[in-house]
Amino acid sequence: MSAVSSRLPVFPWDKLEPYKKTAAAHPDGIVDLSVGTPVDPVPELVRQALVAAADSPGYPTVWGTSELRDALTGWCERRLGARGIEHTNVLPVVGSKELVAWLPTQLGLGAGDTVAYPRLAYPTYEVGARLCGARPVVYDDPTELDPAGLRLLWLNSPSNPTGKVLPKAELTRIVAWAREHGVLVFSDECYLELGWEADPVSVLHPDVCGGTYEGIVAVHSLSKRSNLAGYRAAFVAGDAGVLGELLRIRKHGGMMTPAPVQAATVAALGDDAHVAEQRARYEARRAALRTALLSHGFRIEDSEASLYLWVTRDEPCWDTVAYLAELGILVAPGDFYGEAGDRFVRVAFTATDERVEAAVKRLG
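To start, this report covers the structure provided alongside it. (Residues numbered from 1 in each chain as written. Predicted model: local features only at pLDDT ≥ 70, side-chain atom pairs only at ≥ 80, totals over all residues. Heavy atoms only, no water.)

1. Quick look at the packing of aromatic side chains
To keep things clear, this is the line we draw: Think of it this way: a Phe, Tyr or Trp ring, Trp meaning its six-membered ring, pairs with another when their centres are within 6.5 Å, and the plane angle makes it stacked under 30 degrees, edge-to-face over 60, tilted otherwise. A run of H or I in DSSP becomes a helix once it reaches four residues, and a run of E becomes a strand once it reaches two; helices and strands are each numbered from the N terminus. Note on geometry: a ring has a charge over it if NZ (lysine) or CZ (arginine) is within 6 Å of the ring centre and within 35 degrees of the ring normal.
Inspection of every chain in the model, using the stated rule, returns 13 aromatic pairs. Consider the rings of W13 and F336, whose centres lie 5.1 Å apart with planes at 80°: the pair is edge-to-face. Residue W13 is located in the loop between α1 (2-5) and α2 (17-24), and its partner F336 is located in the loop between β12 (332-333) and β13 (345-348); the two are separated by 323 residues in the primary sequence. With a centroid separation of 5.1 Å and an interplanar angle of 5°, the aromatic rings of W310 and F344 are classed as stacked. Here W310, found in strand β10 (residues 308-312), pairs with F344, found in the loop between β12 and β13; they are 34 residues apart in sequence, far enough to count as distant. Grouped by ring-pair contacts, the aromatic residues W13, Y19, W318, F336 and Y337 constitute a single cluster. Stacked on the ring of Y323, the Lys or Arg R313 has its end atom at 3.9 Å from the ring centre. Positioned over the ring face of Y308 is R346, at 3.7 Å from the centre of the ring.

2. What to know about the nonpolar core
What counts here: To form a nonpolar core, buried Ala, Val, Leu, Ile, Met, Phe, Trp, Tyr and Cys residues must be joined to one another through side-chain atoms within 4.5 Å. Burial classification: accessible surface area is computed with a 1.4 Å probe over protein chains only, and a residue below 20% of its type maximum counts as buried, one above 50% as exposed, and the rest as partly exposed. We call two residues in contact when some of their heavy atoms are within 4.5 Å.
The biggest cluster of nonpolar side chains holds 60 residues, and the ones touching the most others in it are L33, W154, F186 and V236. Those residues in contact with W154 that sit more than four places away from it in its chain are L99, V100, L103, V115, A116, Y117, P118, Y125, Y139, F186, D188 and V219. By size, the runner-up hydrophobic cluster in this structure holds 45 residues, among which are V42, I85, V203 and A268.

3. As for the sheet that holds strand β7 (residues 216-221)
Paired through backbone hydrogen bonds, the strands of a sheet run either parallel or antiparallel to each other. Applicable threshold: Pairing between strands requires that DSSP locate at least two bridges from one strand to the other. Each axis is a line fitted through C-alpha atoms, and for a helix only the stretch in contact is used; angles between axes span 0 to 180 degrees, taken between their N-to-C directions.
With mixed pairing, seven strands are arranged side by side in an open sheet as β2-β8-β7-β6-β5-β3-β4. In this open sheet, the two edge strands, each paired with only one partner strand, are β2 (90-93) and β4 (135-139). On average, each strand axis in the sheet is inclined to that of its neighbour by 20°, with strand direction left out of account. Pairing geometry for β2 and strand β8 (residues 234-238), over four bridges, is antiparallel.

4. Quick notes on the pairing of β7
With six of six residues buried, β7 lies mostly within the body of the structure. Examined bridge by bridge, strand β6 (residues 184-188) and β7 share four bridges and lie parallel to one another. Residue pairing for β7: V185 is matched across the bridge by I216.

5. A word on the state of the cysteines
Convention followed: The disulfide definition used here is simple: a pair of cysteine sulfur atoms within 2.5 Å.
Evaluated as defined, the whole model comprises zero disulfides. No disulfide involves C76; its nearest neighbouring cysteine sulfur is the one of C209, lying 11 Å away. Judged by its relative accessible area of 0%, C76 falls in the buried class.

6. Structural notes on the pattern of salt bridges
Side chains carrying opposite charge are able to pair once their charged atoms draw close together. This is how the line gets drawn: One speaks of a salt bridge when a side-chain nitrogen belonging to Lys or Arg is within 4 Å of a carboxyl oxygen belonging to Asp or Glu.
Scanning the entire structure with this criterion turns up 22 salt bridges. R79 serves as the salt-bridge partner of E193, at 3.1 Å between the closest nitrogen and oxygen. Here R79 lies in helix α4 (residues 66-80) and E193 lies in the loop between β6 and α8 (206-209), a separation of 114 residues in the sequence. For E193, a relative accessible area of 11% puts it in the buried group. A salt bridge links R313 to E315, with the shortest nitrogen-to-oxygen separation between them at 3.1 Å. The exposure class assigned to R313 is partly exposed, which follows from its relative accessible area of 28%. It is possible to trace a salt-bridge network through shared partners that takes in D28, E354, R355 and R362.

7. Details of the packing of α2 against helix α12 (residues 317-326)
Worth spelling out the cut-off: Note that the term roughly parallel is reserved for angles under 35 degrees, roughly antiparallel for angles over 145, roughly perpendicular for angles of 65 to 115, and oblique for everything else. Gly counts as polar in this scheme, as do all residues outside two lists: the nonpolar Ala, Val, Leu, Ile, Met, Phe, Trp, Tyr, Cys and Pro, and the charged Asp, Glu, Lys and Arg.
Contact geometry for α2 and α12: axes closest at 7 Å, N-to-C directions at 25°. When the axes of α2 and α12 are compared, the pair comes out roughly parallel. Taken together, the residues of α12 that come into contact with α2 (itself represented by Y19, T22 and A23) are W318, V321, A322, A325 and E326. Among the residues making up the contact of α2 with α12, the classes are represented as six nonpolar, one polar and one charged.

8. A closer look at the side chain of Q278
Our working definition: Throughout this description, a polar contact denotes any pair of N or O atoms lying within 3.5 Å of each other; where both atoms belong to protein, one of them has to be capable of donating a hydrogen while the other can accept it, and for residues adjacent in sequence the pair is counted only when both atoms sit in side chains.
With respect to the helices and strands, Q278 occurs in helix α11 (residues 273-295). Among the residues examined, Q278 registers a relative accessible area of 2% and is labelled buried. Here D40 takes part through its side chain, which lies 2.7 Å from a polar atom of the side chain of Q278. A distance of 2.9 Å separates polar atoms of two side chains, one belonging to Q278 and the other to N227.

9. Brief notes about unusual backbone geometry
Omega for the peptide link from S157 to P158 comes to 0°, which places this bond in the cis form. Positive phi values are uncommon outside glycine, yet S306 reaches one of about 80°. With respect to the secondary-structure elements, S306 resides in the loop between β9 (299-301) and β10. Taking relative accessible area as the criterion, S306 reaches 0% and is therefore assigned buried. Positioned with a positive phi, D314 is a non-glycine residue whose angle comes to about 60°.

10. Looking at the sheet that holds β9
The antiparallel open sheet is built from four strands, whose spatial order is β9-β10-β13-β12. Only two strands of the sheet have a single neighbouring strand rather than two, namely β9 and β12. Examined bridge by bridge, β10 and β13 share four bridges and lie antiparallel to one another. Bridge assignment links Y308 to a residue of β13, and that residue is A348.

Below you can see the structure in the form of structure tokens.
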């Protein structure tokens, strides 16, 4: 066990604890804009579906109920523009972080294989590569990578942490390059329904994939769109051959989404009203924080989508973290997401309206 853990970086959030204590000492309390966890209520129809399915004494299946698979394929067609998507093209997972961390292992990758991900990225892409002993590599443009040994290419649009969105033409170019070189593409699209200044597009859109899902898989989560981070409700969609192999492995591993969560997922994906309501909350919080940060002298880059503002004062990120902590505001240092973020901080707008108002007042 120690040999495996020694491959991994230090868990980044532990480094933030001293600054959290400073922020918590503010007379009006902490405004935590660091992790980006949902704080608003789980939609009532989702809770009702969960309760209605609570009497589930038997084991759920890894592939999920047929109702769940209908909901997944229907949502992909309605929301992503996917065409001809079947049950074999979808697979529920136990939260998207689990999928990201263990995917390289489940794909059979190891020493001599390369896993690539954006230079600024969610840290778990690197963790997944290191867990299986593969070589993690970062990129600015994935088509400039050496395809030899490259077994898994992660895309992330909208990006965490920057909120940058890859245009449709860019996605199309990357998918074509990956197919030409036999590289499997997994596209993390968990923030796709949270576009503000851009309209994010899925790799499953026919204009991107050419009507075939060969060599591509999209990752989606209900944590952000439906406030279901606590439910661990997520899924992947795309290449039936890849998902079939993952299904066989995950059956042996017992990686089953609980039956009540499957029912809740069906309800959540079948309703767009609660998504629009939550978007409106986030849009208002984003606008308030954005205005306050700009007025305070910060600069914001990218941030076209997602639940974050990518912010800088053109100083080392930990200096900015310390400065804001003195105001009682906790943010995430940019170097959590790669060395290229060492002069930025990530500001989440997932706090309550009251806490966002407090942050705006302190910045004012």
